[in-house]
Amino acid sequence: MSNINGTMKAAQVSSAGGAFEIVERKIPDPGPDQVRIKVEACGVCHGDAAVKDGDMPEFDVEYPRIPGHEVAGTIDAVGADVTEWSTGQRVGVGWHGGHCFVCDTCRDGNFTNCEHKEITGITSDGGYAEYMVASHETLAAIPDGINPVTAGPLVCAGLTSYNALRRSIAQPGDLVAVQGIGGVGHTGIQFSRKMGFETVAVSRGTEKKALAHEMGAHHYIDSNATDPAVELSDLGGADVILATAPNSDAIEAVTGGLSPHGQLLVVAVPHHQLEVELAEFVNGRRSIQGWNCGHAYHTEETLEFSSMFAVEPMVDTYPLEEVDTAYERMMSGNTRLKAVIKPPHNL
Ligand SMILES: [Zn+2]
Ligand SMILES: [Zn+2]
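So, how was this worked out
- For every chain, the first residue of the written sequence is number 1, and numbering continues from 1 along that sequence.
- In the order they appear in the text, chains get letters beginning with A and ligands get numbers beginning with 1.
- Predicted model: local features are reported for residues with pLDDT of at least 70 only, side-chain atom pairs are reported and counted for 80 or more only, and whole-chain, interface and lining totals are derived from all residues.
- Here the side-chain values reflect all heavy atoms present in the structure, with hydrogen atoms and water set aside.
- The rule for pairing is simple: two strands pair if DSSP sees at least two bridges between them.
- The secondary structure listing takes helices from DSSP runs of H or I that are at least 4 residues long and strands from runs of E that are at least 2 residues long, numbered from the N terminus.
- Only the stretch in contact is used when fitting a helix axis, every axis being a line fitted to C-alpha atoms; angles between N-to-C directions are given from 0 to 180 degrees.
- Residues are treated as being in contact if the distance between any of their heavy atoms lies within 4.5 Å.
- Distances decide who is a donor: an N, O or S atom must be within 2.8 Å of the metal, or within 3.2 Å for Na, K and Ca. Water is not included, so sites may look incomplete.
- Only four donors with every angle between 85 and 135 degrees are called tetrahedral; only four or six donors with opposite donors over 155 degrees apart and all others between 65 and 115 are called square planar or octahedral, in that order; all others are irregular.
- Residue burial is assigned from relative accessible area. The probe radius is 1.4 Å, only protein chains are included, and a residue is buried under 20% of its type maximum, exposed over 50%, and partly exposed in between.

Asks: I'd like a rundown of the sheet that holds strand S13 (residues 238–243), residues and numbers included.
Replies: Sheets are built from strands paired through backbone hydrogen bonds, the pairs being either parallel or antiparallel. Pairing within the open sheet is parallel, and its 6 strands lie in the order S12-S11-S10-S13-S14-S15. At either margin of the open sheet sits one strand with a lone partner, and together these are strand S12 (219–222) and strand S15 (287–290). Each strand of the sheet is rotated relative to its neighbour by a mean of 20°, with strand direction disregarded. Judged from the 5 bridges that link them, strand S10 (residues 175–179) and strand S11 (residues 198–203) form a sheet pairing that is parallel. By the bridge assignment, Ala 177 is partnered in S11 with Val 200. Taken strand by strand, helix H3 (residues 148–166) contacts S10, S13 and strand S14 (258–266), and its axis lies near 155° from that of S13. Lying on the sheet, helix H7 (residues 248–255) is in contact with S10, S11, S13 and S14; it crosses S14 at an angle near 160°.

Asks: Residue-level account of the coordination of the zinc ion (ligand 1), with values.
Replies: Taken together, the protein donors to the zinc ion (ligand 1) comprise Cys 45 (SG), His 69 (NE2), Glu 70 (OE) and Cys 156 (SG), at separations of 2.1 to 2.7 Å. Angles of 89 to 140° at the metal separate the 4 donor atoms of the zinc ion (ligand 1), which places the site in the irregular class. The motif formed by the donor residues of the zinc ion (ligand 1), counted along the single chain, is C-x23-H-E-x85-C. A residue pair is termed long-range when its members are at least 10 positions apart, and Cys 45 in the loop between strand S3 (34–44) and helix H1 (49–52) and His 69 in the loop between H1 and strand S4 (71–78) qualify at 24 residues. There is no split in this pair, since Cys 45 and His 69 are both buried.

Don't take any of this as a statement about function, it's just geometry.
Listed below in structure tokens is the structure:
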């Protein structure tokens, strides 16, 4: 149990494009509908660029801000009105940082797209800190068998690939291609295989071929050496292509490999607009579907599936003080498939 009047170490950003600053901040107290989490691990994600680099203008970030939305930790204080969670419970918090319950989208049960949604580590302080507070509706219980370093990436990258695939049109035995082998892609390959899909990994070069097979891919396509659309067509055509690398050229290169009725499932936003041959989509009744993460109940289902079927992100861990290194390596793809930060009290 911490001293609630004490201070904690955190990594904050004071302006868009600014450096991370390791600071002492007051340990936050939970509001009536919140809990306080003692953070044990926090994944580093492309979404953090919204704060660090200010490259997502749709979010009006207020600085200074503590980023981090792939949080795993233990509840150490509970707000006055919280009845369903208690201290000592292990929880994860992802991108979805809260919803209003009363807008029409919420009333329709679609909490992820709430008109007044909060985003962890972007509209509120996140997990690059020893402690954070989170609204009760954003918490997902972490199963006993999953350690914090594994749980962190699963609550965002894992949730995204799991949720997108299980809500896709793919049925067991269908051909599912995962384009890009990064944080989302390498969990996507594992989920795809374990959901019973014939799984194809598509990436540039041969560097990740062995890894893709290790993650469960039945096939590997090197998109530098071959035309991935032709290769996918030779395999019978992909019923679903999960596009995880935010690169429009790479996505355009695979769309020709969709089978009739096939679905291009896009979970990362490229910086350049996508150009596709619409005739292929009209004539084959193909579709393009966007997908964002999910809410806390989906996160809990992701963690339970991962525990049951041994889905595990590959991570490198960094102490909080090395957040700059962790972030740079994540952005340049120069770390293992996920970088995870551990605050001082968990080293
Ligand atoms: Zn993320
Ligand atoms: Zn709402």
